[in-house]
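# Survey of secondary and tertiary structure
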Amino acid sequence: MPPMPEYSKRTLCFVDTAVEQGFLRSRQPKLSKYAFLGLGLLLAFLAANFALFLFRGWPTGGQIFVDSAEGVRLAGVRSWVLGLMSLLCVAIMFTAKSVRLIACLGARGFEAFLAAVACLVVILTTLQHPWYLVKAFSASSPDEVISETIDWTDDKLLLMLDIWLTGCHLMLPIRWVVLWPVEIATILVYIGFA
């Protein structure tokens, strides 16, 4: 059995660049497959969320916002956020299957690209929450615009962010050193929008 190549204990990257590049190239098909699968699951979740949004009452976003001009505008912004996330998922799913684009990015570049996409999903997920949507896109107080029937505590948002972070770490065969910006972005976005 050949000896294990030397690697950094902190980053888990191989010291020899040829070994590191070979390792990254060997994981590329698995990374592409799991990125496609994970984004497909996110797309299914977004489709279900958007369907509930539409069928529960379009003008006020499923009765999330009060029936006013500002409430209708914010419901429209929320639908745009859901639509943007869906388009992003479809675009990245095609990117994950594009051999030519992956070859242009390189193995390390594709990992960094997926980490940047994960950070963008964190931002858009936070903007789906009614409280943070009002804070970001309205001069009104959330108490004035969000319907009283909606429970807009942070528990659901924090659970979604935790599921996303855990899913990124478990599904994507990427070392933690590439995914730590996603963790930092999650904390900063949550604090920043508050």
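## Let's talk about the packing of helix α6 (residues 155–171) against helix α7 (residues 176–193)
Running from N to C, α6 and α7 point in directions that differ by 175°, and their axes come no closer than 10 Å. With respect to α7, the element α6 is oriented roughly antiparallel. In this structure, α6 contributes Leu157, Leu158, Leu161, Leu165, Cys168 and His169 to the contact, and α7 contributes Leu179, Val182, Glu183, Thr186 and Tyr190. Of the residues belonging to the contact of α6 with α7, the class tally is 8 nonpolar, 2 polar and 1 charged.

## Topic: the side chain of Thr95
Relative to the helices and strands, Thr95 resides in helix α2 (residues 69–97). Polar side-chain contacts of Thr95 include one of 2.9 Å to the backbone oxygen of Ala91. Apart from the residues lying within four places of it in its own chain, the contact partners of Thr95 are Leu101, Ile102, Phe110 and Phe113.

## A closer look at helix α1 (residues 17–55)
Under the 1.5 Å per step criterion, the end-to-end length of α1 is 54 Å for 39 residues, consistent within 8% with the ideal 57 Å. Approximately 40° is the largest bend angle found in α1, and it occurs at Gln28, with the proline Pro29 only one to four residues beyond.

## Comments concerning the state of the cysteines
Throughout this description, disulfide means a covalent bond between two cysteine sulfur atoms. Taken as a whole, this structure holds 0 disulfides when the rule is applied. Cysteine Cys89 shares no disulfide, and the gap to the nearest cysteine sulfur, in Cys168, comes to 11 Å. Cys119 supplies the cysteine sulfur nearest to Cys168, a cysteine that is in no disulfide, at a spacing of 8.8 Å.

## Overview of the nonpolar core
Within the largest apolar cluster, 47 residues are counted, with the highest numbers of intra-cluster contacts made by Leu42, Phe65, Val121, Trp164 and Val182. Taken together, the elements giving at least two residues each to this core come down to α1, α2, α3 (99–128), α4 (130–137), α6 and α7.

## With respect to the environment of Gly192
Residue position: Gly192 is located in helix α7. Taking relative accessible area as the criterion, Gly192 reaches 59% and is therefore assigned exposed. Separated by 60 residues in sequence, Gly192 and Tyr132 place their C-alpha atoms 9.8 Å apart.

## Digging into the pattern of salt bridges
A complete count under the given rule lists 4 salt bridges for this structure. Of the charged contacts in the structure, one is a salt bridge between Arg108 and Glu20, with a shortest N-O distance of 3.4 Å. In this pair, Arg108 sits in helix α3 while Glu20 sits in helix α1, placing the two residues 88 residues apart along the sequence. A salt bridge links Glu111 to Arg27; the shortest N-O distance between them is 2.4 Å. Here Arg27 lies in helix α1 and Glu111 lies in helix α3, a separation of 84 residues in the sequence. As far as the burial class goes, Glu111 and Arg27 line up, both buried. If you follow the salt bridges from partner to partner, you end up with Glu20, Arg108 and Arg175 in one network.

So, how was this worked out
- Residues numbered from 1 in each chain as written.
- Predicted model: local features only at pLDDT ≥ 70, side-chain atom pairs only at ≥ 80, totals over all residues.
- Heavy atoms only, no water.
- Axes fitted to C-alpha atoms, helices over the stretch in contact; angles between N-to-C directions.
- Helix = DSSP H or I, 4+ residues; strand = E, 2+ residues; numbered from the N terminus.
- Parallel < 35°, antiparallel > 145°, perpendicular 65-115°, else oblique.
- Contact = heavy atoms within 4.5 Å.
- Nonpolar A, V, L, I, M, F, W, Y, C, P; charged D, E, K, R; others polar.
- Polar contact = N/O pair within 3.5 Å; in protein donor to acceptor, adjacent residues only side chain to side chain.
- Expected span 1.5 Å × (residues − 1).
- Bend = angle between axes of the 7 residues up to and from the residue.
- Disulfide = S-S within 2.5 Å.
- Core = buried A, V, L, I, M, F, W, Y, C linked by side-chain atoms within 4.5 Å.
- Buried < 20%, exposed > 50% of the residue type's maximum accessible area, 1.4 Å probe, protein only.
- Salt bridge = Lys/Arg side-chain N within 4 Å of Asp/Glu carboxyl O.

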